[in-house]
Amino acid sequence: MNAVLDNVLVAVVLLVCLGYACVKLGPRAMRKRIFWHLSVIFAAAPSFLKLEKVAQRFASASGKTQAACGGCENCGTETSSAPPSSSEINVPVGKIGRRT
């Protein structure tokens with residue numbers, strides 16, 4: 001019995017490692033599909049396991065991608081109102097010579 005249990009535990013650990021590698025190293029489209037399938041599986045789990053929040057997290061991870069900061073999703077559309085710094089030095093590329 002112990003040999004069977006050991007083999008099952010090793011198989012589970014190997015599957016978890018394989019899943020982690022697929023999620024981290026795989027393409028984003030595959031990552032979204034994996035998260036969507038996991039959210040469906042966890043949502044179908046019995047209620048006494050209390051996996052609803054886990055299913056919601058996987059569903060949100062498989063949904064629309066957020067902005068880089070995770071905020072308002074309008075990155076780059078606002079204009080910068082800060083004036084250029086006077087301590088910044090701008091030298092035209094044509095004036096940069098080669099060192100000899």
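Everything that follows concerns the structure shown earlier in this document.
Please read these numbers as outputs of a predicted model, since none were measured by experiment. (Residues numbered from 1 in each chain as written. Predicted model: local features only at pLDDT ≥ 70, side-chain atom pairs only at ≥ 80, totals over all residues. Heavy atoms only, no water.)

S.K.: Describe helix α3 (residues 52-62), listing the residues and the values that go with them.
M.R.: Quick reminder: α-helices carry 3.6 residues per turn. Residues three or four places apart thus point the same way. Ala-55, Phe-58 and Ser-62 are the residues of α3 that are buried. Across the axial projection of α3, the buried residues extend over an arc of 65 degrees, all falling on one side. Counted as exposed and oriented over 90 degrees from the buried face of α3: Lys-53, Gln-56, Arg-57 and Ser-60. In this fold, the buried residues of α3 make contact with α2 (28-43). (Buried < 20%, exposed > 50% of the residue type's maximum accessible area, 1.4 Å probe, protein only. Helix = DSSP H or I, 4+ residues; strand = E, 2+ residues; numbered from the N terminus. Arc of directions from axis to C-beta. Contact = heavy atoms within 4.5 Å.)

S.K.: Outline the packing of α2 against α3, supporting the account with residue identities and numerical values.
M.R.: For the pair α2 and α3, interaxial distance at closest approach is 8 Å and the crossing angle is 155 degrees. One way to sum up the angle between α2 and α3 is to call them roughly antiparallel. The way α2 lies across α3 gives a crossing that is left-handed. From α2, Lys-32, Phe-35, Trp-36, Leu-38, Ser-39, Phe-42 and Ala-43 reach across to α3, where they touch Val-54, Ala-55, Phe-58, Ala-59, Ala-61 and Ser-62. Looking at side-chain class alone, the contact of α2 with α3 contains 10 nonpolar, two polar and one charged residues. (Axes fitted to C-alpha atoms, helices over the stretch in contact; angles between N-to-C directions. Parallel < 35°, antiparallel > 145°, perpendicular 65-115°, else oblique. Left-handed = near helix turned anticlockwise from the far one by under 90°. Nonpolar A, V, L, I, M, F, W, Y, C, P; charged D, E, K, R; others polar.)

S.K.: Tell me about the side chain of Ser-39, residues and numbers included.
M.R.: Checked against the element boundaries, Ser-39 lands in helix α2. The class of Ser-39 is buried, set by a relative accessible area of 6%. Once residues lying within four places of it in the same chain are set aside, the contact partners of Ser-39 are Ala-55, Phe-58 and Ala-59.

S.K.: So what about the packing of helix α1 (residues 2-25) against α2? Which residues, and what values?
M.R.: Close contact between α1 and α2 brings their axes to 8 Å; oriented N to C, the two are set at 135 degrees. Judged by the inter-axis angle, α1 sits oblique to α2. From α1, Cys-22, Val-23 and Lys-24 reach across to α2, where they touch Met-30, Arg-31, Ile-34 and Phe-35. A breakdown of the residues in the contact of α1 with α2 according to their chemical character gives five nonpolar, no polar and two charged.

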